[in-house]
Number of protein chains: 2
Amino acid sequence: MARKHNPADPPPTISDATLRGFSGYVMKRAFNAIQADVNASLAPLDLRMLTFSALSVIVDNPGLRQSQLADALSIERPNLVIVVDELERRDLILRNPAPGDRRAYALQATLKGMRLYTKALGAVQAHEARMTKGLSEDERQALIAMLSRIET
Amino acid sequence: MARKHNPADPPPTISDATLRGFSGYVMKRAFNAIQADVNASLAPLDLRMLTFSALSVIVDNPGLRQSQLADALSIERPNLVIVVDELERRDLILRNPAPGDRRAYALQATLKGMRLYTKALGAVQAHEARMTKGLSEDERQALIAMLSRIET
DNA sequence: TATTGTTATACTCTATAACTATA
DNA sequence: TATAGTTATAGAGTATAACAATA
């Protein structure tokens, strides 16, 4: 029979069993751990998760518009502006005039941007291996697939 | 053979395939969707994900200390203060004097707090069902288990 | 009229240092 | 000395309204 502690004393161990049944709560905790680790991994390169993600999409999609980048990253256009500002100020990307639409920019990574991206990619891959070392590769893929399904 | 678009034009579709291989990126997107949905679900009760989580742990662990609650929620003690302040101000919890330690509080949900928690739990369960409707129950459990393993 | 990028603004969550009162 | 709770502060991410220039 389970011993019950005297409620006048602090509980010796704390249960969050109810919350542990909700994906959002567990996901928040996992994501906080991941974000801290990836940001620490990218800090030596003066990048963060968000700036790395933006740079990655620009490298892979030369000529894209800011609105396309915002859509791809699932962030609001106003919040993207300072991210692009930062990458441009550091000469990692260019805001070229968009041919045929004088309102828009055609984003493009510079050589410096591509080189930094290559280094950052290595750091992120090491981070990923570290964070998912408790999972098999099949599990890791399944995790990503389930998260993608939830997002929709 | 794949058609390549003219790089002077904006890419017709944007690829984030590289990023999609990293759990942190996919998790961030899934978590943003979840947090928006759970906060919208809890808004009619004037709760947010964080205040609901705190209330849940207090309901399940009467008499716990603030430092125990901060540990349970994986947040820093200073950040917990305003959360507990808010719950106390709304008479959802009590900061009782902790017997035997005049520095500490013994947290306890009020009847009002327990009633609100019951309502909120229903809202969160509906939210969970909505967000994971693309997953089987086995998959949902596996997802939570994998996220828990990553957190460590 | 609608869209692109921008500014301004506000809210939430997070992280750290330093204080107080107790232990 | 160390711990519980607190204050102050700063950084990062997110969301919305409104604007100028252009379509």
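J.: What am I meant to see in the nonpolar core here?
T.: One broad trend across soluble globular proteins is that nonpolar side chains are buried collectively. Ranked by internal contacts, the top residues of the largest apolar core, which has 88 residues, are Met27, Leu69 and Leu73 of chain A together with Met27, Leu69 and Leu73 of chain B. Discounting residues that sit within four places of it in the chain, Leu69 of chain A has contacts with Ala54, Val57, Ile58, Leu64, Leu80, Val84 and Leu107 of chain A.

J.: Mind showing me how you'd approach the packing of aromatic side chains here?
T.: What characterises a pair of aromatic rings is the spacing of the ring centres plus the angle enclosed by the ring planes. In total, this model carries three aromatic pairs over all chains according to the counting rule given. Between Phe31 of chain A and Phe31 of chain B, the aromatic rings sit 6.2 Å apart at their centres with planes inclined by 25°, giving stacked as the arrangement. Taken together, the positions of Phe31 of chain A in helix H2 (residues 23–42) and Phe31 of chain B in helix H2 (residues 23–42) put the pair across two chains. A relative accessible area of 6% places Phe31 of chain B in the buried class.

J.: Would you mind going over the environment of Leu116 of chain B with me for this structure?
T.: Residue and element names in this part refer to chain B. In this fold, Leu116 is placed in helix H6 (residues 111–131). The exposure class assigned to Leu116 is buried, which follows from its relative accessible area of 13%. Along the backbone, Leu116 and Asp16 are 100 residues apart, and their C-alpha atoms lie at a distance of 42 Å. Residues in contact with Leu116, not counting those within four places in the same chain, are Leu45, Leu47, Arg90 and Leu92.

J.: Quick question: what am I supposed to make of unusual backbone geometry here?
T.: Glycine aside, the phi torsion of most residues is negative, and most peptide linkages are trans. Residues and elements named next belong to chain A. Look at Asp91: it is not a glycine, yet its phi comes out positive at around 60°. Relative to the assigned elements, Asp91 resides in the loop between helix H5 (77–89) and strand S1 (93–97). Assessed through its relative accessible area of 47%, Asp91 is described here as partly exposed.

Cut-offs used in this document
Residues numbered from 1 in each chain as written. Chains lettered and ligands numbered in written order. Predicted model: local features only at pLDDT ≥ 70, side-chain atom pairs only at ≥ 80, totals over all residues. Heavy atoms only, no water. Core = buried A, V, L, I, M, F, W, Y, C linked by side-chain atoms within 4.5 Å. Buried < 20%, exposed > 50% of the residue type's maximum accessible area, 1.4 Å probe, protein only. Contact = heavy atoms within 4.5 Å. Phe/Tyr/Trp six-rings, centres within 6.5 Å; stacked < 30°, edge-to-face > 60°. Helix = DSSP H or I, 4+ residues; strand = E, 2+ residues; numbered from the N terminus.

Taken by themselves, the reported measurements are silent on function.
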